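Here's the letter readout for the chains.
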Amino acid sequence: MTYAITQTCCNDATCVAVCPVNCIHPTPEERAFGSTEMLHIDPRACIDCGACADACPVDAIFPVDALSAGQREYADINAAYYRGTEPPAAEVEGPNFHVWGEPVFERSLPSDFGPLRVAVVGTGPAGMYAAQDLLLHTAAEVTLIDRLPVAGGLVRYGVAPDHPATKKVGDTFSRFHSHPRVRMHLGIEVGRDVTAEELSAHHDAVVYAVGASTDRRLGAPGEETPGCLSATAFVAWYNAHPEAVAQGVDLSAERVVVVGNGNVALDVARILVADPEALAATDIAAHALEALRASRVREVVVLGRRGPEDAAYTRSELLALKHVPGVELVVDDHDPRTAAAIDAAGAGDRAGVLKGLARVRTDAASPADGGRRIVLRFHSEVVEILAAGGGVDSVRVTDGGGDGGSGAGGGDAGTADLAAGLFLRAIGYRGLPVPGLPFDEASGTVPHEGGRVAGVPGSYVVGWIKRGPSGGIGANRTCAAETVGTLLADAVAGALPAPTGDARAFARLARQRNRRVVDARGLAAIDRAERDRGRRDGRPRVKLATVEELVATARSGRLPRLTR
């Protein structure tokens with residue numbers, strides 16, 4: 001029996017480090033690392049020790065014979081990665097399973113290297129990987145800062161609620177929240193409560209892990225129509241982000257159009273048509289669950305500007321979409337290039353996953369009769385969002401169909417009008433400027449050299465604000481290692497400015513500027529309250545959805561009264 005890595009692979013390579021037979025690839029030392037969608041276990045070399053499964057932070061690794069029906073394809077995916085390569089030969093005789101390379105020490109700290117005081121702004125995966133690196137490998141004292149009164153960032157507010165295994169990486173990070181060398185100040189925003197200069201004045205270095213918090217615009221006419229939302233806002237709504245509007249997402253129409261071909265587009269499409277009773281066992285926002293239970297949505301059309309061979313979503317997420325209970329996944333056949341690409345695709349290609357799916361022509365007027373379904377419509381661009389009655393009425397899209405583009409549904413020649421009551425754009429994220437730091441408007445990132453902010457000594461960046469909105473949770477581990485390595489090299493070289501204030505002085509400053517600061521004890525109270533709420537409803541947790549609830553719970557440690 002061998003093990004296989006499945007859909008929720010986070011690519012942080014923890015499994016690689018513990019494998020005794022070097023059967024998981026690509027490793028961080030290999031060129032393909034970071035460009036493959038997931039890691040793979042070689043079934044020819046796996047010795048069934050289970051070390052990788054024990055170490056995996058997101059429960060993505062299982063014995064092949066224990067895979068569920070929806071996961072069995074991953075046994076073939078793992079094996080196919082090694083197809084055409086020579087099986088590993090026995091390299092040594094003795095207690096070791098294979099020859100290990102010479103140890104490499106990329107960092108060298110002098111024996112008298114003193115403890116640093118480092119602020120990390122942002123408690124999502126990027127910030128927490130940086131904090132973890134500092135805490136485990138140096139004697140640094142870390143100040144965790146977040147503009148929200150609760151920690152978690154992308155793990156709490158970006159991962160879809162029906163991906164609970166992915167959220168488990170948060171458990172790895174949360175153990176550092178109460179670390180003896182960590183001070184936590186949640187609810188503090190740089191630029192509003194404290195300046196970047198004040199933050200630097202109280203720390204040897206500051207690491208900014210503020211992510212990419214806004215979305216890219218489509219630029220199509222009608223994009224400001226009520227009922228046109230960003231996927232960013234929609235994800236925040238169903239994940240109980242305290243800055244999301246609890247009400248206001250209209251799910252009264254039978255069709256929703258989503259533009260974008262990445263994993264976020266698939267997430268929002270899946271949530272819109274998933275069984276609400278299945279979602280009731282997750283940590284989805286209570287207001288979102290109530291709205292989805294009353295929803296009339298039966299069809300989600302996902303638009304891609306290019307063909308299925310160029311889609312940005314991962315193959316594993318597309319595979320999972322084929323196994324959503326009660327939801328049919330189909331392909332819109334309006335453009336002959338779509339069928340040609342699918343038919344020509346190999347078994348390991350993204351487009352190959354679409355083989356065997358029904359091919360339909362999306363009716364311009366209304367969704368097809370029957371159950372719930374997701375329609376993947378490629379080679380289709382948004383021309384205009386059309387309004388009626390104060391909201392979205394239909395979406396005009398290009399229609400280069402085999403009939404020459406008849407303009408079915410009232411569109412012009414070469415277009416079609418798809419009736420829809422909600423339009424979501426999922427075409428990428430974008431970073432926002434950090435007051436006090438330089439900013440590249442073109443890329444939406446902070447200019448840097450190996451994580452070192454250009455022109456601002458002692459300031460560093462990590463995650464999407466550093467490299468742009470690319471890579472999943474695990475990609476932040478290697479990103480953080482680079483940034484922390486640069487920071488430590490600067491410290492050894494004496495290039496860090498000396499702080500003028502200490503940790504206590506910063507704590508006093510933070511509380512003077514914002515009386516609602518949440519510390520580690522308050523965060524623990526929030527966690528207990530949410531879990532208590534969840535136990536009453538048979539759910540892992542019920543999130544507190546407003547800043548007021550979060551702060552009140554952090555202060556009192558008691559469960560706030562529920563309001564209806």
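Structure first, text after, so check above.
Residues numbered from 1 in each chain as written. Predicted model: local features only at pLDDT ≥ 70, side-chain atom pairs only at ≥ 80, totals over all residues. Heavy atoms only, no water.

Peer 1: Give me the lowdown on the layout of surface pockets, citing residues and values where you can.
Peer 2: Quantified by volume, the second largest pocket comes out at close to 1,500 Å³. What lines the second largest pocket is a set of 42 residues, among which P28, E29, E106, R477 and A481 lie closest to the centre. Secondary-structure elements contributing two or more residues to the lining of the second largest pocket are α1 (14-18), α4 (125-137), α7 (169-174) and α16 (475-492). Split by residue class, the lining of the second largest pocket holds 22 nonpolar, 11 polar and 9 charged. (1 Å grid on protein atoms, 1.4 Å probe; cavity = no way out; pocket = protein on both sides within 12 Å on 5 of 7 lines; lining within 4 Å. Points joined across faces, edges and corners; volume = space filled by probe spheres on them. Helix = DSSP H or I, 4+ residues; strand = E, 2+ residues; numbered from the N terminus. Nonpolar A, V, L, I, M, F, W, Y, C, P; charged D, E, K, R; others polar.)

Peer 1: Let's hear about the environment of N11: which residues, and what values?
Peer 2: Within the fold, N11 resides in the loop between β1 (3-5) and α1. Separated by 463 residues in sequence, N11 and G474 place their C-alpha atoms 4.7 Å apart. When neighbours within four sequence positions are excluded, N11 is seen to be in contact with F33, T36, E37, M38, L39 and G474. Reaching out from N11, the side chain makes a polar contact with the backbone oxygen of E37 at a distance of 2.9 Å. (Contact = heavy atoms within 4.5 Å. Polar contact = N/O pair within 3.5 Å; in protein donor to acceptor, adjacent residues only side chain to side chain.)

Peer 1: Describe the packing of aromatic side chains, naming the residues involved and giving the relevant values.
Peer 2: Under the criterion given, the structure shown has 5 aromatic pairs. Seen in terms of ring centroids, Y129 and F173 are 5.0 Å apart; in terms of plane orientation they differ by 85 degrees. Their pairing is edge-to-face. Taken together, the residues span a long stretch of sequence, with Y129 in helix α4 and F173 in helix α7 at a distance of 44 residues. Each ring, one from Y429 and one from W464, has its centre 5.5 Å from the other, and the planes form 40 degrees; the classification is tilted. Remark: W464 occurs in helix α15 (residues 464-467) and Y429 occurs in strand β20 (residues 429-430); sequence separation between them is 35 residues. Classification of W464 as buried rests on a relative accessible area of 18%. (Phe/Tyr/Trp six-rings, centres within 6.5 Å; stacked < 30°, edge-to-face > 60°. Buried < 20%, exposed > 50% of the residue type's maximum accessible area, 1.4 Å probe, protein only.)

Peer 1: Can you lay out the side chain of T486 for me, pointing to particular residues and giving the numbers?
Peer 2: By secondary structure assignment, the location of T486 is in helix α16. The buried category is assigned to T486, whose relative accessible area is 12%.

Peer 1: Could you give an account of the nonpolar core, naming the residues involved and the relevant values?
Peer 2: With 117 residues, the main nonpolar core has I24, Y238 and L376 as its most contacted residues. Leaving out residues up to four positions away in the same chain, Y238 has contacts with A160, P161, D267, V268, I271, I284, A285 and A288. One finds V190, L437, I465 and V517 within the second-largest nonpolar core, a separate group that totals 21 residues. (Core = buried A, V, L, I, M, F, W, Y, C linked by side-chain atoms within 4.5 Å.)

Peer 1: Explain the sheet that holds strand β18 (residues 415-419) to me, and be specific about the residues and the numbers.
Peer 2: Adjacent strands of a sheet form backbone hydrogen bonds with each other and so pair up, either parallel or antiparallel. Here we have 3 strands laid out as an open sheet, ordered β16-β17-β18, and antiparallel in their pairing. Edge strands, defined here as strands with exactly one partner in the open sheet, are β16 (382-388) and β18. Taking each pair of neighbouring strands and ignoring which way they run, the sheet shows an average axis angle of 25 degrees. Pairing analysis gives 5 bridges linking strand β17 (residues 391-398) to β18, with the strands arranged antiparallel. Each bridged residue has a counterpart across the sheet, and for V395 the counterpart in β18 is L418. (Pairing = 2+ DSSP bridges. Axes fitted to C-alpha atoms, helices over the stretch in contact; angles between N-to-C directions.)

Peer 1: How would you sum up the sheet that holds strand β19 (residues 422-425)? Please name residues and give values.
Peer 2: The parallel open sheet is built from 7 strands, whose spatial order is β10-β19-β11-β12-β15-β13-β14. Lying at the two open borders of the sheet, with one neighbouring strand each, are β10 (228-230) and β14 (359-360). Where strand β11 (residues 255-259) and strand β12 (residues 299-303) come together, 5 bridges link them in parallel fashion. What sits directly across from V258, in β12, is V302. Docked against the sheet, helix α9 (residues 231-238) engages β10 and β19, running at close to 75 degrees with respect to β10.

Peer 1: So what about the pattern of salt bridges? Which residues, and what values?
Peer 2: Summed over the entire model, instances satisfying the criterion amount to 37 salt bridges. Measuring nitrogen to oxygen at the nearest pair gives 3.0 Å for the salt bridge that ties R44 to D42. Residue R396 is joined to D417 by a salt bridge in which the shortest nitrogen-to-oxygen separation is 2.7 Å. With R396 in strand β17 and D417 in strand β18, the pair connects residues that are 21 residues apart, well separated along the chain. Here D417 falls in the buried class, since its relative accessible area comes to 7%. Each member of the salt-bridge network shares a partner with another, and the members are R156, D527, E530, R531 and R541. (Salt bridge = Lys/Arg side-chain N within 4 Å of Asp/Glu carboxyl O.)

Peer 1: Which residues make up helix α17 (residues 503-513), and what values go with them?
Peer 2: Among the residues of α17, A503, A505, F506, A507, L509 and A510 are the ones counted as buried. Of the surrounding elements, those touching the buried residues of α17 are β5 (117-121), β6 (141-146), β7 (182-186) and α8 (196-201). With a side-chain oxygen positioned 3.3 Å from the backbone nitrogen of R504, the residue opening α17 is D502.

Peer 1: Go over unusual backbone geometry with me, naming the residues and quoting the values.
Peer 2: Here H25 and P26 are connected by a cis peptide whose omega angle stands at -5 degrees. If you trace the backbone, P26 turns up in the loop between β2 (24-25) and β3 (40-41). With phi around 55 degrees, N22 is a residue other than glycine that occupies positive phi space. Its location among the elements puts N22 in the loop between α1 and β2. Even without glycine at this site, A240 takes up a positive phi of about 65 degrees.

Peer 1: Go over empty space enclosed by the protein with me, naming the residues and quoting the values.
Peer 2: All told, the structure shown has 2 cavities of 30 Å³ or more when counted by the stated rule. As for the largest cavity, its lining consists of 13 residues, and the residues nearest its centre are C9, C10, N11, C15 and C56. A class-by-class count of the residues in the lining of the largest cavity yields 10 nonpolar, 2 polar and 1 charged. Size it by volume and the second largest cavity reaches roughly 70 Å³.

Peer 1: Lay out helix α10 (residues 263-273) with the relevant residues and their values.
Peer 2: Counting buried positions along α10 gives 9 out of 11 residues, so the element sits mostly inside the fold. Inspection of α10 places A265, L266, D267, V268, A269, R270, I271, L272 and V273 among the buried residues, and these make up the whole buried set.

Peer 1: Please provide a residue-by-residue account of the packing of α9 against α10, values included.
Peer 2: Interhelical geometry of α9 versus α10 gives an angle of 45 degrees and a closest axis separation of 11 Å. Comparing the axis directions of α9 and α10 gives the class oblique. As α9 runs across α10, the sense of the crossing is left-handed. Between α9 and α10, the residues in contact are A231, F234, V235 and Y238 and V264, D267, V268, I271 and L272, respectively. A class-by-class count of the residues in the contact of α9 with α10 yields 8 nonpolar, no polar and 1 charged. (Parallel < 35°, antiparallel > 145°, perpendicular 65-115°, else oblique. Left-handed = near helix turned anticlockwise from the far one by under 90°.)

Peer 1: Can you break down the side chain of R377 residue by residue, with the values?
Peer 2: Mapped onto the secondary structure, R377 falls in strand β15 (residues 372-377). A polar atom in the side chain of R377 sits 3.1 Å from the side chain of D332. Residues in contact with R377, not counting those within four places in the same chain, are V301, V302, L303, G304, D332, H334, T362, V397, T398, D399, A416 and L418.

Nothing here speaks to function; it is all geometry.
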